[in-house]
Amino acid sequence: QAAMKGANEAQQSLVTLAQFERCQDGSSFDECWRILGPKGQLVSSSRFALPGVEDVEAIDTKAYQWFNPDGSNAILMFQQGKLTMKAQHGLR
């Protein structure tokens, strides 16, 4: 039973093309995290501010990647906590 439970958990943690497509431009980070699951890894983070310019919010950019055991994956990029770009390879 333990092996069956482990296999079921692994199956549930897979990222699918349908999940990927539910994440639309403008979706919040939290919305996408709930859709894709907690296995995403931060792969890039940057914060850009214009020196000497007041009243302009710094731009916070983060990219997360989700990997499946078969090598398929999804990458989502967020600016100010909103989805701005995404890419996938081999999702089904």
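Scoring rules and cut-offs
- Residues numbered from 1 in each chain as written.
- Predicted model: local features only at pLDDT ≥ 70, side-chain atom pairs only at ≥ 80, totals over all residues.
- Heavy atoms only, no water.
- Salt bridge = Lys/Arg side-chain N within 4 Å of Asp/Glu carboxyl O.
- Buried < 20%, exposed > 50% of the residue type's maximum accessible area, 1.4 Å probe, protein only.
- Phe/Tyr/Trp six-rings, centres within 6.5 Å; stacked < 30°, edge-to-face > 60°.
- Patch = residues over 30% accessible without salt bridge, like charges linked within 9 Å, V, L, I, M, F, W, Y side chains within 5 Å.
- Areas by Shrake-Rupley, 256 points an atom, 1.4 Å probe, with all protein chains shown as cover.
- Helix = DSSP H or I, 4+ residues; strand = E, 2+ residues; numbered from the N terminus.
- Core = buried A, V, L, I, M, F, W, Y, C linked by side-chain atoms within 4.5 Å.
- Contact = heavy atoms within 4.5 Å.

Now for the pattern of salt bridges. Taken as a whole and assessed by the stated rule, the structure comprises two salt bridges. Here Lys62 ties to Asp60 by a salt bridge, and the two come within 3.3 Å at their closest N and O atoms. Judged by relative accessible area, Asp60 falls into the partly exposed class, the value being 22%.

Here we come to the packing of aromatic side chains. In this structure the tally under the stated criterion is seven aromatic pairs. With a centroid separation of 6.4 Å and 40° between ring planes, the pair formed by Tyr64 and Trp66 is classed as tilted. Here Tyr64 and Trp66 have matching classes, each one buried. Feature note: the residues Phe29, Trp33, Tyr64, Trp66 and Phe78 constitute an aromatic cluster, connected by ring pairs.

With that settled, the discussion passes to a nonpolar patch on the surface. Together, Phe48, Leu50, Val53, Val56 and Ile59 line one region of the surface with nonpolar side chains, adding up to about 420 Å² of accessible area. Checked against the element boundaries, Ile59 lands in strand S2 (residues 59–67).

The next thing to look at is the nonpolar core. Judged by nonpolar contacts, the single largest core of 13 residues is most densely connected at Cys23, Leu36 and Leu76. Every element with two or more residues in this core is listed here: helix H3 (29–36), S2 and strand S3 (73–79). Each residue touching Cys23, except ones within four places of it in the same chain, is listed here: Cys32, Ile35, Leu36, Leu76, Leu83 and Lys86.

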